[in-house]
Amino acid sequence: MKEKTKSLLYWFILLQPFLDLDFFYRGKLATILPFTIPTIIRIAGVVVLVGLLVWGQKKLPPAWLWAYLALSTLYGIFHLWHMQNFKSISPNDYGYSNFGEIFYLFRMLLPLALIWVTKKLEISQDFLLKAFAWVSGLFTGTIVLSNLFVVSLKSYETGVISGNIFTWFMGPLYGYSHSASKGFFYFTNTLSAILLMLAPVIFYLLLERFSWRTGLLALSQTLAMLEVGTKVALYGLAGSLAVSLIAWLVHLLFLKNVKFSKGGLVTLLALAGITGVCWQVSPAVQRYKYEIYWANSHDSKIDQENVLLKAGLAKYKNDPDKLKEFEKDFLAKYYQKYALNKRFITKSYPYKYDPQFWIDLLKEPASVRLANRKVEEAMLKQVVKYDNDPLDKWLGIGYMRQTNIFNLERDFTAQYYSLGLVGAFLYLAFYPAIILYGAFEWLKEKACRTFYLTSLLIASALLLGASYMSGNVLDFPTSNLLLAFLDGGLLAYIKEEKGRSTGLRIVRFGKK
């Protein structure tokens, strides 16, 4: 039974890139059932894996897992109770529903369940590396080939890209939004974070198990991270190359527990060279330059509107009703001139219900108005301010409300707003805790001080860093389940190495 469960886990992980394909989340396929098809498959997959593991063991999960479920249930009850007393300026309460909230709370338990399954199955190093090599190949191969043949979906807008990686070197033929490509996958932020997590694992394979296959896989990984066109992917690629090389050199020169690989080193340096050559013309850098130019030049273009705004505010400052009407009319007429996101001002936090909030934002420099994450968090702060309930800090305002306002692109902060401090700790704390535990064992146990464990720790830490920088990672099943598989494999490896080390110590003591 254990081997069958392992096999199912392997195919379940390999299925994740397919479940992230864009067409599952568009049109009829996205609405034909209460939940998307990939979500249903993932839930069913984790439930079956847990069921098979429990059945094969002939015993129930450990007490700590039951205690965690009890705490989660207790939190869920208080969280849902708190959600019923929320005060909102929105007539539809920002799209809140108890059913959606309960489903989210349940869904957030799936990664922990998969960590437990992966650890209990005691998956081997080869098992994890083989699975992630395939996952990387499926993600990056799709991105690279679809970019090459100019059939990839755009990373930043809808539609298909206009040029491939070679057109980057032909001058300003296309803007960054027409050349950044995400293959046929759904969400760019999530995809970038996944690629970043996979990079240290793939570079480990390159340096430790060099062959034409691992070299080709590392090349595909590098090109895909350049082509996806996000800062997380681009800077993450440079960071992964540097950190992987440094870690390998530490293990080679100081810990002396890896072998020198000329082919792996030359290939890694060549990939760094490719990254350097593509850096200035890459979509991520082009976007960054455009944002700086737009922010610097935009404020000077609204001088006339600023004069009108100042005059209107002064004219109606003693008549609240007329002031509110003036503010609404001004926002409706000029929000585009101030580069405000249309969805933010009309749907996320509609200006007609709280025009004063948006008028205050107009007074901020363009660098603030154009920074989506700052505006997203400002809207959430205003929602919390209006509710004026101290329990929001501890129990949150609800995932359904937070995501319907706008899914804040900064994990940990997003979960703080949706779940509160208690919920964010309950559902997220085990991610950094596993990294800290792994680092502790790496320092404590010589047997755990391997390049493999170093690479897994780097991969896990990079994904958490990416989740904070770009968001939409820890709430999304593709990324959080792949992270759970990695973390479970990390824990299984530590247990195996500690057991082997203890066994050797016992043998040596017996000989004495």
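A brief structural summary. (Residues numbered from 1 in each chain as written. Predicted model: local features only at pLDDT ≥ 70, side-chain atom pairs only at ≥ 80, totals over all residues. Heavy atoms only, no water.)

## Digging into the nonpolar core
Working step 1: The biggest cluster of nonpolar side chains holds 118 residues, and the ones touching the most others in it are F132 and F485.
Working step 2: The greatest single-element share of this core, amounting to 15 residues, is contributed by helix α8 (residues 188-208).
Working step 3: Counting 33 residues, the second-largest nonpolar core is a separate cluster that includes W358, I359, M379 and V383. (Core = buried A, V, L, I, M, F, W, Y, C linked by side-chain atoms within 4.5 Å. Buried < 20%, exposed > 50% of the residue type's maximum accessible area, 1.4 Å probe, protein only. Helix = DSSP H or I, 4+ residues; strand = E, 2+ residues; numbered from the N terminus.)

## Quick notes on the environment of N472
Working step 1: Note that N472 resides in the loop between α23 (451-470) and α24 (477-511).
Working step 2: Sequence separation between N472 and A378 is 94 residues, and the spatial gap between their C-alpha atoms is 18 Å.
Working step 3: The contacts of N472, once residues within four sequence positions are left out, are F187, N189, T190, N407, E409, D411 and S479. (Contact = heavy atoms within 4.5 Å.)

## Observations regarding helix α10 (residues 231-254)
Working step 1: With 24 residues, α10 should cover 34 Å at 1.5 Å per step; its first-to-last C-alpha distance of 33 Å lies within 8% of that length.
Working step 2: Where α10 terminates, the next one or two residues include K256, which has phi positive at roughly 55°. (Expected span 1.5 Å × (residues − 1).)

## Quick look at a nonpolar patch on the surface
Working step 1: A surface patch of nonpolar side chains, about 910 Å² in accessible area, is lined by L145, L148, F149, V151, F166, M170, L173, Y174 and F184.
Working step 2: Within the secondary structure, V151 sits in the loop between α7 (125-148) and α8.
Working step 3: Judged by relative accessible area, V151 falls into the partly exposed class, the value being 38%. (Patch = residues over 30% accessible without salt bridge, like charges linked within 9 Å, V, L, I, M, F, W, Y side chains within 5 Å. Areas by Shrake-Rupley, 256 points an atom, 1.4 Å probe, with all protein chains shown as cover. Salt bridge = Lys/Arg side-chain N within 4 Å of Asp/Glu carboxyl O.)

## A word on the environment of K324
Working step 1: Relative to the helices and strands, K324 resides in helix α14 (residues 320-334).
Working step 2: By relative accessible area, which is 36% here, K324 ends up partly exposed.
Working step 3: Considered as a pair, K324 and D387 are 63 residues apart in the sequence and their alpha carbons are 21 Å apart.
Working step 4: Not counting residues within four places of it along the chain, the set of residues in contact with K324 comprises K352, Y353 and P355.

## Focus on α14
Working step 1: Helix length check: α14 (15 residues) gives 21 Å between terminal C-alpha atoms against 21 Å at 1.5 Å per residue, within 8%.
Working step 2: By the burial criterion, the buried members of α14 are L323, F326, E327, K328, F330, L331 and Y334.
Working step 3: Elements in contact with the buried residues of α14: α13 (303-315), α15 (342-348) and α16 (355-362).

## With respect to the packing of aromatic side chains
Working step 1: Per the stated rule, a full pass over the model turns up 29 aromatic pairs.
Working step 2: Aromatic side chains Y25 and Y186 sit 4.3 Å apart centroid to centroid with 15° between the ring planes, which places their arrangement in the stacked category. On the criterion of sequence distance, the pair formed by Y25 in the loop between α1 (2-19) and α2 (27-31) and Y186 in the loop between α7 and α8 is long-range, its members being 161 residues apart.
Working step 3: On the accessibility criterion, Y25 (17% relative accessible area) is buried.
Working step 4: Here Y186 falls in the partly exposed class, since its relative accessible area comes to 23%.
Working step 5: Cluster of aromatic residues (ring-pair linked, three or more members): Y10, W11, F127, F132 and F485.
Working step 6: Here K58 stacks its cationic end above the ring of W55, 4.2 Å away from the centre of that ring.
Working step 7: Over the aromatic face of Y468 sits the side chain of R410, whose NZ or CZ is 4.7 Å from the ring centroid. (Phe/Tyr/Trp six-rings, centres within 6.5 Å; stacked < 30°, edge-to-face > 60°. Lys NZ or Arg CZ within 6 Å of the ring centre and 35° of its normal.)

## Focus: unusual backbone geometry
Working step 1: Positive phi, normally seen in glycine, also occurs at D93, with a value near 55°.
Working step 2: With respect to the helices, strands and loops of the structure, D93 is situated in the loop between α4 (63-83) and α5 (98-107).
Working step 3: In this model, A339 sits at a positive phi of 60°, which is unusual for a non-glycine residue.
Working step 4: For A339, the position within the fold is in the loop between α14 and α15.

## Some remarks on the packing of α1 against helix α3 (residues 37-57)
Working step 1: At their nearest, the axes of α1 and α3 sit 11 Å apart, and the two run at 165° to each other. What the angle tells us is that α1 and α3 run roughly antiparallel. Between α1 and α3 the crossing geometry is left-handed. Of α3, the residues touching α1 (which contributes T5, L8, L9, F12, L15, Q16 and L19) are P38, I41, R42, G45, V46, V48, L49, L52 and L53. (Axes fitted to C-alpha atoms, helices over the stretch in contact; angles between N-to-C directions. Parallel < 35°, antiparallel > 145°, perpendicular 65-115°, else oblique. Left-handed = near helix turned anticlockwise from the far one by under 90°.)

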